[in-house]
Amino acid sequence: ADISFLIRLHRLTQALYQVHPFGADVLILSDGSLYADIFRVPMDAVDRYMRRLKAYRNQLNLQGTVSIIPLEDLLSRPDVNGV
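Report on the accompanying structure. Everything quoted here is computed from the prediction, not taken from an experiment.

**Regarding the overall build of the protein**
Argument step 1. Regarding its fold elements, the protein presents four helices and two strands.
Argument step 2. For the protein, the α and β elements follow one another from N to C terminus as α-β-α-α-β-α.
Argument step 3. Relative to the globule expectation of 12 Å for 83 residues, the C-alpha radius of gyration of the protein, 15 Å, shows a markedly less compact shape.
Argument step 4. Taking the principal axes of its C-alpha atoms as reference, the protein extends roughly 40 × 40 × 20 Å.

**Quick notes on a nonpolar patch on the surface**
Argument step 1. A cluster of nonpolar residues, L34, Y35, I38, F39, V41 and L75, forms a patch on the protein surface that exposes about 600 Å² of accessible area.
Argument step 2. Tracing the backbone shows F39 in the loop between helix 2 (32–35) and helix 3 (43–59).
Argument step 3. By relative accessible area, F39 is classed as exposed at 60%.

**Focus: the side chain of T13**
Argument step 1. Mapped onto the secondary structure, T13 falls in helix 1 (residues 2–19).
Argument step 2. Looking at T13, the relative accessible area reads 1%, which means it is buried.
Argument step 3. If sequence neighbours within four positions are ignored, T13 has contacts with A24, D25, V26 and T65.

Rules and cut-offs
- Residues numbered from 1 in each chain as written.
- Predicted model: local features only at pLDDT ≥ 70, side-chain atom pairs only at ≥ 80, totals over all residues.
- Heavy atoms only, no water.
- Helix = DSSP H or I, 4+ residues; strand = E, 2+ residues; numbered from the N terminus.
- Rg over C-alpha atoms; globule rule 2.2 N^0.38 Å.
- Patch = residues over 30% accessible without salt bridge, like charges linked within 9 Å, V, L, I, M, F, W, Y side chains within 5 Å.
- Areas by Shrake-Rupley, 256 points an atom, 1.4 Å probe, with all protein chains shown as cover.
- Salt bridge = Lys/Arg side-chain N within 4 Å of Asp/Glu carboxyl O.
- Buried < 20%, exposed > 50% of the residue type's maximum accessible area, 1.4 Å probe, protein only.
- Contact = heavy atoms within 4.5 Å.

The structure is reproduced here in C-alpha cells:
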C-alpha cells in the first residue's frame, strides 16, 4: 500500500507539471513520533517505518517529487522571527 501511495503521489505531481509550468512537489508529514506514546507504539517501530518508507521512495527514485519528514521536525523549527 505504501509503494502504491508513493507512486500515485508521484504521478499526481507529473500531471500537475503538464498543466502548470512550476508543477508541485509533495511533502509527507509523518505524525508517528508525536502519537507513538498515546497508541503505545515503540519509537524504534516508528523509526523503522520511516526508514522503510524513505527506502521505498529512494528505490523508486521519487526523491525529486516526494519528500518525507517527521511532523515533530517541522514543529521544532523556528518561525520567521527565530522563535
